[in-house]
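Structure at a glance
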Amino acid sequence: MTKEEVYNSIVDIQKNTGQGLSGIVRVMGENSQDFSEHIDTLIEEGSVIANNTGGSLGHPESNMFLHSK
């Protein structure tokens, strides 16, 4: 998946659900490393914001929600 595809996926999910993409996707799946790197780049560029929603009993990334700026 390209960086543009990752960004467009985040925007589509935000538009369709009214909320961001769960950060847990950064650690799941066989392509999670590339996906995570693209997300990190998008956050650094300011195109995507990562919001920490607080504590969780699960993986720390499940506390994060990603959305477009």
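What you see is a predicted model, and the numbers here were worked out from it, not measured in a lab.

Details of the environment of D40
Mapped onto the secondary structure, D40 falls in helix 2 (residues 32-45). Distance in space between the C-alpha atoms of D40 and G58 is 21 Å, their sequence separation being 18 residues.

Let's talk about the confidence of the model for the protein
Mean pLDDT over the protein works out to 86, with 93% of the residues at or above the 70 mark. Ranking the helices and strands of the protein by mean pLDDT puts helix 1 (residues 3-17) first, with 92, and strand 1 (residues 21-22) last, with 86.

Comments concerning the sheet that holds strand 3 (residues 64-68)
If you trace the three strands from one edge of the open sheet to the other, you get 1-3-2, paired in antiparallel fashion. What marks the edges here is a single partner per strand, and that holds for strand 1 and strand 2 (48-52). Note that strand 1 and strand 3 share two bridges and pair antiparallel. Considered in strand 3, the bridge of L21 is made with L66. With respect to the sheet, helix 1 is in contact with strand 1, strand 2 and strand 3, its orientation differing from that of strand 3 by roughly 100°. Each of strand 1, strand 2 and strand 3 touches helix 2; the most contacted strand, strand 2, lies at about 100° to it.

What counts, and where the lines are drawn
Note on numbering: residues in each chain are counted from 1, in written sequence order. Given that the model is predicted, a residue must reach a pLDDT of at least 70 before its local features are reported, and side-chain atom pairs must reach 80 or more before they are shown or counted; all residues, however, enter totals for whole chains, interfaces and linings. As a rule here, side-chain values cover all heavy atoms of the structure and leave hydrogens and water aside. In this description a helix means any DSSP run of H or I spanning at least four residues, a strand means any run of E spanning at least two, and both kinds are numbered starting from the N terminus. Across the chain, each position has a pLDDT score giving the predictor's confidence in that residue, from 0 to 100. Strand pairing requires that DSSP identify at least two bridges connecting the strands. Any two residues whose heavy atoms approach within 4.5 Å at even a single point are treated as in contact. Only C-alpha atoms enter the line fits that serve as axes; for helices the fit covers just the stretch in contact. Angles between N-to-C directions range over 0 to 180 degrees.

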